[in-house]
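Residues per chain are reported as follows:
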Amino acid sequence: MAMKRIDKGGNGNTRKDRDFARDTHMAGEKLTTNQGLKISDDQNSLKAGVRGPTLLEDFHLREKIQHFDHERIPERVVHARGAGAHGYFQVYEPFSEYSRAQVFQDPAKKTPVFLRFSTVAGSRGSADTARDVRGFAVKFYTDEGVWDLVGNNMPVFFIQDAIKFPDLIHAVKPEPHNEIPQAASAHDTFWDFVSLTPESTHTLMWVMSDRGIPRSFSMMEGFGVHTFRLINAKGKARFVKFHWKPIKGIHSLVWDEAQKIAGKDADFHRRDMWMAIERGDFPEWELGVQIVEEMDEHKFGFDLLDATKLIPEELVPVRRLGKMVINRNPDNYFAETEQVAFHTGHVVPGIDFSNDPLLQGRLFSYMDTQITRLGPNFAQLPINRPTVPVDNNQREGKSQSMIHKGRVAYFPNSLGNGQPTHSPETLTAFSSYPERMEGTKIRQRSPSFSDHFSQATLFWNSMALWEKEHIVASFSFELNMLETKAVQERVVNELLVNVSAELAKKVAANIAVKVTGKPKVKAHDRSSVALSMNKPADSIKGRKIAILVAAGAEGRQIREIQSSLRKMGAVVEVISRVAGTVKSADGSEIAVDHAAPNAPSVIYDAVFIPGGKESAAAMVQQGLAVHFVAEAYFHGKAIAAMGEGVELLAKAQLKVASGDQTVATNQGVVTAPARGDVKAVIRSFVDAMMQRHYERPVESVPA
Ligand code: HDE
């Protein structure tokens with residue numbers, strides 16, 4: 001079997017396991033069985049006569065079919081739906097004052113990483129845009145072994161103790177009697193559980209906000225969630241929270257759009273990341289840390305060990321340590337993305353745990369789940385292997401791929417020269433932080449974990465008006481899916497009244513229940529700007545812009561828009577009724593990227609309609625074109641039209657600026673006359689793309 005060494009070099013993310021990569025079907029290669037036997041006919045099974053029964057003797061048929069029969073491994077019990085890619089992490093400056101981890105020391109060093117994003121509830125084949133928490137798991141292949149930072153795109157979690165995790169997941173997964181609904185929390189069992197679990201309220205606020213429906217993996221924050229420890233070379237420990245800050249900013253979809261994308265392009269997020277990497281638009285995040293001195297552990301009024309709490313950035317700023325760049329797609333989804341095995345217990349010297357009871361449970365669960373999914377030798381799989389040598393006395397087990405030589409597999413030994421030895425005296429070996437412990441064996445939640453609402457209120461208070469409207473809308477949507485009135489009432493009267501009277505009242509009105517509950521906690525007006533997404537982008541890199549055309553469209557306008565926006569890093573695609581080319585008003589041929597039925601507005605961030613009498617006249621007759629702009633308007637997207645192109649907006653009943661002499665913008669809709677200045681249109685159009693326009697009066701638009 002030809003093994004081909006593939007070395008893409010230069011990125012700092014080449015790994016020796018690339019030696020395993022194999023180009024399938026090299027020139028001249030012959031088809032063989034798994035035993036290397038060349039096969040004369042792979043398309044007909046061995047039969048007793050041309051129309052007779054198949055013979056048991058057909059070992060080739062059996063091998064081929066039996067391998068096929070066993071192609072699946074169990075999907076992840078949570079986070080089954082995911083997509084991953086390779087890249088590297090590089091620190092800006094040595095961080096030795098806080099941690100002795102080698103990955104944080106050398107600004108010249110690029111540490112290879114593999115990153116996997118996921119949704120939590122859906123099965124492996126479910127849609128990317130479900131409302132859910134997103135997994136944000138990073139495997140660092142450091143010079144001291146593998147470090148996994150297995151985080152989410154939200155800084156808090158639903159529960160405080162690992163022992164409740166199976167209950168949470170059983171409640172959110174499809175209901176067991178009919179396996180409905182797929183990849184959705186909008187059903188009775190989930191809301192039944194959370195309504196009886198007030199500690200979930202803060203995370204519910206995050207999931208019901210637009211954070212639950214990100215625009216792109218590259219436009220999400222990431223969080224380690226738990227408090228961890230950093231330890232420096234002197235053995236001094238500090239508490240730490242990890243953050244990933246996306247260079248492209250934080251942006252989201254709207255719910256109607258997310259639902260439609262689930263049907264139009266179930267692979268929306270994985271496709272977006274794959275395509276971005278292929279065209280060299282590498283997703284990037286800065287790694288940030290919030291550091292808390294041990295003596296400050298109790299100064300916050302909440303417990304650092306409680307995973308339903310975040311540390312507001314106003315109290316402890318996020319210090320940015322370095323950058324992660326994702327720059328190489330996997331060669332094989334199964335071998336890499338499916339078989340990658342993360343574990344919170346994969347740490348390196350200089351990083352250690354806290355006693356967060358959720359983290360403590362995870363330290364058991366991840367190893368256990370990998371054994372079920374992949375077997376006890378999962379660490380030998382190419383994607384999981386550390387880049388440093390592995391040597392110990394563990395042996396055998398299912399799918400053992402190492403050939404351990406010699407007769408010594410125990411310690412202490414003299415027959416193997418006492419090898420391999422421990423490294424008790426070195427700083428490069430892991431030794432657990434010697435935290436002083438004493439306590440009574442007890443099953444009880446610490447009283448310091450009992451405030452379930454003040455940070456939910458902090459989150460609500462920090463939202464812009466449109467963010468609050470979206471939160472109200474999503475609580476209302478989810479609760480209106482329920483069959484059980486008592487559960488709806490409990491959410492409003494036991495949870496929401498304690499977050500905000502306004503939130504409770506608005507949701508109650510939408511779902512036809514009465515607010516009867518009295519708040520159990522005192523309201524407060526604290527807020528934190530870091531929690532809001534109400535921050536315009538500063539570039540359109542990675543955004544997708546559609547140009548709608550028909551024959552007779554103004555070619556010059558199209559070419560200028562295409563080239564200017566592409567220079568800014570956007571993806572620009574021409575859409576017409578059918579594929580091929582269309583002849584523009586100046587006679588030039590315009591290449592069509594997609595036929596209209598294959599390119600719905602929900603997969604674009606903005607739309608441009610060029611001028612051209614004939615083109616506009618044709619498009620106002622095309623239902624898909626009218627629907628495209630109406631829907632884009634409904635979803636708050638930037639829209640620009642020139643000359644006769646404005647007629648399409650009128651047909652869709654959009655509100656545009658009045659007067660047609662110059663470039664005018666009204667709530668993100670840019671219009672300009674036929675001979676208008678294309679450069680000025682582009683400036684206004686790009687400006688309009690920096691943020692969605694939720695201020696629009698959409699009730700009257702037939703989207
Ligand atoms: Fe996980 N989680 N989790 N989780 N989790 C898994 O491990 C678990 C939690 C997270 O891309 C499983 O390999 C328990 C918090 C991510 O492969 C499993 C508890 C956070 C991924 C598991 C939690 C996460 C997982 C399923 C409560 C954010 C996907 C398959 C104590 C900080 C990793 C697997 C990937 C996956 C257990 C809670 C993040 C069963 C018991 C909190 C990103 O081991």
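What counts and how
- Note that residues are indexed from 1 along each chain, following the sequence as it is written.
- At least 70 in pLDDT is required for a residue's local features to be given in this predicted model, at least 80 for side-chain atom pairs to be given and counted, and no such filter applies to totals for whole chains, interfaces and linings, which use all residues.
- As a rule here, side-chain values cover all heavy atoms of the structure and leave hydrogens and water aside.
- Residue ranges assigned to the domains are those given by an automatic or database domain assignment.
- Residue contacts are defined here by distance: any two heavy atoms, one from each residue, within 4.5 Å place the two residues in contact.
- Here the buried area means the combined drop in accessible surface, using a 1.4 Å probe, for two parts upon being joined, counting both sides.
- When a carboxyl oxygen of Asp or Glu is within 4 Å of a side-chain nitrogen of Lys or Arg, the pair counts as a salt bridge.
- Pairs of N or O atoms within 3.5 Å make up the polar contacts considered here, provided that, within protein, one atom can donate a hydrogen while the other can accept it, and that residues adjacent in sequence are counted only when both atoms are side-chain atoms.
- Runs of E in the DSSP output that reach at least two residues are strands. Runs of H or I that reach at least four are helices, and both are numbered from the N terminus.
- In this classification, Asp, Glu, Lys and Arg are treated as charged, Ala, Val, Leu, Ile, Met, Phe, Trp, Tyr, Cys and Pro as nonpolar, and every other residue, Gly included, as polar.
- Only nitrogen, oxygen and sulfur atoms within 2.8 Å of the metal, or 3.2 Å for Na, K and Ca, are treated as donors, and water is left out, so sites may look incomplete.
- Burial status follows relative accessibility: with a 1.4 Å probe on protein chains alone, a residue under 20% of its type maximum counts as buried, one over 50% as exposed, and anything between as partly exposed.
- Only strands joined by at least two bridges in the DSSP assignment are considered to pair.
- Simply put, an axis is a line fit to the C-alpha atoms, just over the touching stretch for a helix, and the angle between two N-to-C directions goes from 0 to 180 degrees.
- Near, as used in this document, describes a residue that has one of its heavy atoms within 4 Å of the molecule or strand being considered.
- Any two of the Phe, Tyr and Trp rings considered here, Trp counted by its six-membered ring, make a pair once their centres fall within 6.5 Å; the pair's planes then place it as stacked at under 30 degrees, edge-to-face at over 60, or tilted in between.
- Definition used: whenever NZ (Lys) or CZ (Arg) falls within 6 Å of the ring centre and also within 35 degrees of the ring normal, the charge is taken to sit over that ring.
- With respect to orientation, any angle under 35 degrees is reported as roughly parallel, any angle over 145 as roughly antiparallel, any angle of 65 to 115 as roughly perpendicular, and every other angle as oblique.
- For the purposes of this section, nonpolar cores are sets of buried Ala, Val, Leu, Ile, Met, Phe, Trp, Tyr and Cys residues that join through side-chain atoms within 4.5 Å.
- Take the far helix as your reference; a near helix turned counterclockwise from it by less than a right angle gives a left-handed crossing, and one turned clockwise gives a right-handed crossing.

Asker: Any chance you could break down the domain arrangement of the protein for me, citing the residues and the numbers?
Answerer: Annotation of the protein at the domain level lists domain 1 (47–188 + 224–380), domain 2 (453–531) and domain 3 (544–689). Put simply, the middle of domain 1 and the middle of domain 3, counted by C-alpha atoms, are 39 Å apart. At the junction of the two partners, domain 1 supplies 10 residues and domain 3 supplies 10 residues. Summed over both partners, the interface of domain 1 with domain 3 comes to about 730 Å²; 65% of that surface belongs to carbon and sulfur atoms. When the area that domain 1 buries against domain 3 is broken down by residue, the three leading residues are E257, K260 and K264, summing to 46%. Where domain 1 packs against domain 3, one counts two salt bridges. Across the contact surface, domain 1 and domain 3 share three residue pairs in polar contact (both at pLDDT 80 or more). The element contributing the most residues to the side of domain 1 that touches domain 3 is helix α5 (residues 255–264), with five residues. A breakdown of the residues in the side of domain 1 that touches domain 3 according to their chemical character gives three nonpolar, no polar and seven charged.

Asker: Which residues make up the coordination of the iron atom of the ligand, and what are the values?
Answerer: The protein gives the iron atom of the ligand a lone donor atom, Y366 (OH), placed 1.9 Å from the metal. Position of Y366 among the secondary structure elements: in helix α8 (residues 357–374).

Asker: A description of the pairing of strand β1 (residues 82–91) should follow, citing residues and the corresponding values.
Answerer: In terms of residue burial, β1 counts as a mostly covered element, since nine of its 10 residues are buried. As paired strands, β1 and strand β9 (residues 319–328) are joined by six bridges and run antiparallel to one another. Counted as the bridge partner of Y88 is V325 from β9.

Asker: I'd like to hear about the sheet that holds strand β18 (residues 664–666), residue by residue, with values.
Answerer: The seven strands are arranged β15-β12-β11-β16-β17-β19-β18 in an open sheet whose pairing can be described as mixed. Only two strands of the sheet have a single neighbouring strand rather than two, namely β15 (594–595) and β18. Across three bridges, strand β11 (residues 544–548) lies against strand β16 (residues 606–609) in parallel orientation. Within β16, the position partnered with A546 by the bridge is V607. The sheet strands contacting helix α13 (residues 555–567) are β11, β12 (571–576), β16 and β17 (638–642), and the helix crosses β12 at an angle near 150°.

Asker: Could you give an account of the site of the ligand, with specific residues and numbers?
Answerer: With respect to spatial proximity, 24 residues lie near the ligand, and among them R76, R116, R362, Y366 and Q370 are the closest. One nitrogen or oxygen atom from the side chain of R362 is found 3.5 Å from a nitrogen atom belonging to the ligand. One of the side-chain N or O atoms of Y366 is found 2.6 Å from a nitrogen atom in the ligand. Elements with a contribution of two residues or more to the shell around the ligand: β3 (134–142), β4 (145–152) and α8. When its residues are assigned to classes, the shell around the ligand shows 12 nonpolar, nine polar and three charged.

Asker: Would you mind going over the packing of aromatic side chains in detail, with residue names and values included?
Answerer: On inspection of all chains with the given rule, the structure shows 27 aromatic pairs. Between F104 and W147, the aromatic rings sit 5.8 Å apart at their centres with planes inclined by 80°, giving edge-to-face as the arrangement. With a gap of 43 residues between them, F104 in the loop between β1 and β2 (111–119) and W147 in strand β4 connect regions that are remote in the sequence. Look at F104 and you get buried, because its relative accessible area is 0%. With a relative accessible area of 1%, W147 lands in the buried category. When the ring centre of Y604 is taken as origin, the NZ or CZ atom of K544, which lies over that ring, is 4.9 Å away.

Asker: Tell me about the packing of helix α4 (residues 201–208) against helix α9 (residues 454–461), and name the residues and values.
Answerer: Between α4 and α9, the least distance of the axes is 7 Å, while the angle of their chain directions is 25°. One finds that α4 runs roughly parallel with respect to α9. Facing T201, H202, M205 and W206 of α4, the residues of α9 in contact are Q455, A456, F459 and W460. For the contact of α4 with α9, the per-class residue count stands at five nonpolar, three polar and no charged.

Asker: Account for the pattern of salt bridges, with residues named and values stated.
Answerer: Proximity of charged atoms lets side chains of opposite charge pair with each other. Counted by the stated rule, this structure contains 41 salt bridges. In this structure, E631 engages K260 in a salt bridge whose closest nitrogen and oxygen atoms are separated by 2.9 Å. Taken together, the positions of E631 in helix α15 (residues 623–634) and K260 in helix α5 put the pair 371 residues apart, joining distant regions of the chain. Overall, E631 belongs to the buried group, its relative accessible area being 4%. Between K299 and D296 there is a salt bridge, and its shortest N-O distance comes to 3.9 Å. One connected set of salt bridges, linked through shared partners, spans R81, D128, D265, D267 and R271.

Asker: How would you summarise the nonpolar core if you had to cite specific residues and measurements?
Answerer: Judged by nonpolar contacts, the single largest core of 52 residues is most densely connected at F158, W191, M205, F475, L503 and V507. For this core, the elements supplying multiple residues, two or more each, are α2 (165–172), α3 (188–195), α4, α9, α10 (465–480), α11 (485–495) and α12 (501–511). Ignoring sequence-local partners within four residues, the contact set of F475 consists of W191, L204, M205, M208, L496, L503 and V507. Counting residues in hydrophobic clusters, the runner-up holds 38 residues, among them A85, V91, F117 and F140.

Asker: Can you explain the packing of α10 against α12? Please cite residues and give values.
Answerer: Across the interface, α10 lies against α12 with an axial gap of 9 Å and an inter-helix angle of 45°. The angle between the axes of α10 and α12 places the two elements in the oblique class. As α10 runs across α12, the sense of the crossing is right-handed. Contacts from K468, I471, V472, F475, S476, L479 and N480 of α10 reach α12 at E502, L503, K506, V507, N510 and I511. Counted by class, the contact of α10 with α12 contains seven nonpolar, three polar and three charged residues.

Asker: Quick rundown of the side chain of H346? Include the residues and the values.
Answerer: Take H346: it is sitting in the loop between α7 (333–338) and β10 (351–353). At 2.7 Å, the side chain of H346 and the side chain of D148 are in polar contact. Filtering out sequence-adjacent residues up to four positions away, H346 remains in contact with K139, V146, W147, D148, A341 and F378.

Asker: Please provide a residue-by-residue account of the environment of P214, values included.
Answerer: If you trace the backbone, P214 turns up in the loop between α4 and β5 (222–223). Owing to a relative accessible area of 2%, P214 belongs among the buried residues under this scheme. Note: C-alpha distance between P214 and R134 (80 residues apart in sequence) is 8.7 Å.

Asker: Which residues make up unusual backbone geometry, and what are the values?
Answerer: Across the junction of I180 and P181, the peptide omega takes the value -5°, indicating a cis bond. Mapped onto the elements, P181 comes out in the loop between α2 and α3. Following F411, the chain continues to P412 via a peptide bond in cis, the omega torsion being 5°. Residue placement: P412 occurs in the loop between α8 and α9. Of note, the phi angle at E396 is positive, near 60°, even though the residue is not glycine.

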